[in-house]
Amino acid sequence: MDDYSEQQSAPSFRVWLCGTFRVERHVGSGYELVRVAEWGGSSYPRLLLKALLCSPGRQARREALLELLWPDADPEQAVQSLNTAVTRLRKMLAPGKGQASVLITDEDSHVYRLAEQSLLWVDADAALLLLGEAERRGRTSPEALSLLEEAQTYL
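Q: Please explain unusual backbone geometry as it appears in this structure.
A: Glycine aside, negative phi is the norm for most residues, and most peptide bonds take the trans geometry. Phi is positive for R58, close to 55°, though the residue is something other than glycine. R58 gets classed as buried once you look at its relative accessible area, which sits at 9%. Not every positive phi belongs to a glycine, and S109 is a case in point at roughly 60°. Inspection of the secondary structure assignment puts S109 in the loop between β5 (103–105) and β6 (111–114).

Q: I'm lost on the packing of aromatic side chains in this one. Help?
A: Both the distance between ring centres and the angle between the ring planes are used here to describe each pair of aromatic rings. Counting across every chain of the model gives four aromatic pairs. When the ring of W16 is compared with that of Y154, the centres are 6.2 Å apart and the planes differ by 55°; the resulting orientation is tilted. Of the two residues, W16 sits in strand β1 (residues 13–16) while Y154 sits in helix α6 (residues 142–154), which places them 138 residues apart along the sequence. This pair shows no difference in class: W16 is buried, exactly as Y154 is. Each ring, one from Y44 and one from W70, has its centre 5.1 Å from the other, and the planes form 85°; the classification is edge-to-face. Of this pair, Y44 sits in helix α2 (residues 44–53) while W70 sits in the loop between α3 (62–69) and α4 (75–92), and the two are 26 residues apart along the sequence.

Reading guide: rules and limits
Residues numbered from 1 in each chain as written. Predicted model: local features only at pLDDT ≥ 70, side-chain atom pairs only at ≥ 80, totals over all residues. Heavy atoms only, no water. Buried < 20%, exposed > 50% of the residue type's maximum accessible area, 1.4 Å probe, protein only. Helix = DSSP H or I, 4+ residues; strand = E, 2+ residues; numbered from the N terminus. Phe/Tyr/Trp six-rings, centres within 6.5 Å; stacked < 30°, edge-to-face > 60°.

In structure tokens, the structure reads:
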């Protein structure tokens, strides 16, 4: 595969949930860690990202996020915190200058969604896909064993 094809097929971001949480951005032919400063000096964008990654279909309704992330906060403050988190996370999850973020908001801002695995790769999702494929191939076949070994590296 040539460099261009490889870059086109590489996810824009990789997220590591198993072990130490980290986010990496695709740069050139590899990945670079997203530095803490790029999160905008707040833990809220990371909390929002984690909440969306743990939600079914990588999406959640605005009300559910407010209740999950700021259950005891004043409602106006909670809305402001969510808006700030969304703005900062959207900016951080833009693959490049002028490119659309992998954080998607519906037209009336009631549902927030993350892009699919091909754009926003997540170790836990990759491991589950590999485990499912190993099961399909028969757990003890040579092909399944290599898939299980790869899944183990993610977990």
